[in-house]
Amino acid sequence: YADIIELGTILIYRHGTTAVSRFKEAFPDKTILADTKIVDRGKEVAELFADAGADWITVMAGTSAHVIHATTTAAHNENVKVMLDLIDSASIGQSALEAKNLGADALLFHQPYSETESLLFLDKWDMIKGNSSLPIFVSAKINRDNVDKIVALKPDVIIVGISITDSEDSAAEA
């Protein structure tokens, strides 16, 4: 039911590249996104996760431009795409504006997982959409009660996770 399988940070921290390899083996026709949240040593991390079978990795917008560029260059050399995670950006609009020049293939727009269910962070949507032609992925604890608000923004991709995985009938919820 999913186009892309995202392996979240907890799974990555606990099982590393093994998790990516196992998911790629189990779902060879699915796109695997490893939410690596790279802040340093991007070249090495990109190569590790490419070898494991990741199709996408994430790098944090709040890290240096050098790290972002090194990550995207190494990833592209391995045929892996890079998503710039805007969660720690000092200036979301500026990060969105610079992302393409740094080599990013898409933007990830969301709030910290531990924050409330509120969608208040979406008030920054125009700063992102207006400053980038890159695809924008939105993740926001999306469920049946708030999905219409997300769809109304017309993001390129909507990431739905816990409302499916915690459901008693994941297939029906998807």
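Just above sits the structure.
Scope of this entry: the structure provided in the associated data block.

## Observations regarding helix H4 (residues 92–99)
Along H4, the residues that are buried comprise Ile92, Gly93, Ser95, Ala96 and Ala99. Buried residues of H4 fall within an arc of 165° about the axis and therefore sit on the same side. Of the surrounding elements, those touching the buried residues of H4 are strand E4 (81–85), strand E5 (106–110) and helix H5 (125–129).

## Some thoughts on the pattern of salt bridges
Using the criterion set out here, one finds six salt bridges in the structure. For Asp55, the salt bridge goes to Lys24, with nearest N and O atoms at 2.7 Å. Taken together, the positions of Asp55 in the loop between helix H2 (42–52) and strand E3 (56–60) and Lys24 in helix H1 (residues 9–26) put the pair 31 residues apart, joining distant regions of the chain. Taking the shortest distance from any N to any O, the salt bridge between Arg41 and Glu44 comes out at 3.6 Å. Looking at Glu44, the relative accessible area reads 35%, which means it is partly exposed. Residues joined by salt bridges that share partners form a network here, namely Asp35, Lys37 and Asp85.

## Regarding the sheet that holds E3
Here seven strands make up an open sheet; going across it, the order is E1-E2-E3-E4-E5-E6-E7 and the pairing parallel. At either margin of the open sheet sits one strand with a lone partner, and together these are strand E1 (4–7) and strand E7 (157–159). Neighbouring strand axes in the sheet, compared pairwise and without regard to direction, differ in orientation by 30° on average. Where E3 lies against E4, five bridges are found, and the strand directions are parallel. In the sheet register, Thr58 faces E4, and the bridge partner there is Met83. Here helix H3 (residues 65–77) sits on the sheet and contacts strand E2 (31–38), E3 and E4; the angle it forms with E3, its principal contact strand, is near 170°.

## Brief notes about the layout of surface pockets
Estimates place the volume of the largest pocket at around 1400 Å³. In terms of lining residues, the largest pocket is bounded by 42 residues, among which Glu6, Ile159, Val160, Gly161 and Ile162 are the most central. Counting only elements with at least two residues in the lining of the largest pocket, the list comes to E1, H1, E2, E5, strand E6 (136–139), E7, helix H7 (162–165) and helix H8 (170–173). Residue contributions to the lining of the largest pocket peak at four residues, all from H7.

## Some remarks on the nonpolar core
Formed by 42 residues in total, the largest nonpolar core has its most connected members in Val20, Phe49, Ile57, Leu84, Leu107, Phe109 and Ile128. Of the residues forming this core, the biggest block, five residues, is contributed by H2. Leave out the neighbours within four places in its chain, and Leu84 touches Val59, Met60, Ala61, Ile68, Ser95, Ala99, Ala104, Ala106, Leu107 and Leu108.

## Comments concerning the environment of Ser89
Note that Ser89 resides in the loop between E4 and H4. Each residue touching Ser89, except ones within four places of it in the same chain, is listed here: Ala61, Gly62 and Ser95. Polar contacts involving the side chain of Ser89 include one to the main-chain amide nitrogen of Ile92, which spans 3.3 Å.

## Details of the pairing of E3
The buried fraction of E3 is high, at five of five residues. Neither face of E3 is exposed, since Trp56, Thr58 and Met60 on one face and Ile57 and Val59 on the opposite face are all buried. A crossover connection joins E2 to the parallel E3 through H2; in handedness this β-α-β unit is right-handed. One crossover worth recording links E3 to the parallel E4 by way of H3, and it is right-handed.

Basis of the calculations
- Residues numbered from 1 in each chain as written.
- Predicted model: local features only at pLDDT ≥ 70, side-chain atom pairs only at ≥ 80, totals over all residues.
- Heavy atoms only, no water.
- Buried < 20%, exposed > 50% of the residue type's maximum accessible area, 1.4 Å probe, protein only.
- Helix = DSSP H or I, 4+ residues; strand = E, 2+ residues; numbered from the N terminus.
- Arc of directions from axis to C-beta.
- Contact = heavy atoms within 4.5 Å.
- Salt bridge = Lys/Arg side-chain N within 4 Å of Asp/Glu carboxyl O.
- Pairing = 2+ DSSP bridges.
- Axes fitted to C-alpha atoms, helices over the stretch in contact; angles between N-to-C directions.
- 1 Å grid on protein atoms, 1.4 Å probe; cavity = no way out; pocket = protein on both sides within 12 Å on 5 of 7 lines; lining within 4 Å.
- Points joined across faces, edges and corners; volume = space filled by probe spheres on them.
- Core = buried A, V, L, I, M, F, W, Y, C linked by side-chain atoms within 4.5 Å.
- Polar contact = N/O pair within 3.5 Å; in protein donor to acceptor, adjacent residues only side chain to side chain.
- Right-handed = clockwise from strand over helix to strand, strands pointing away.

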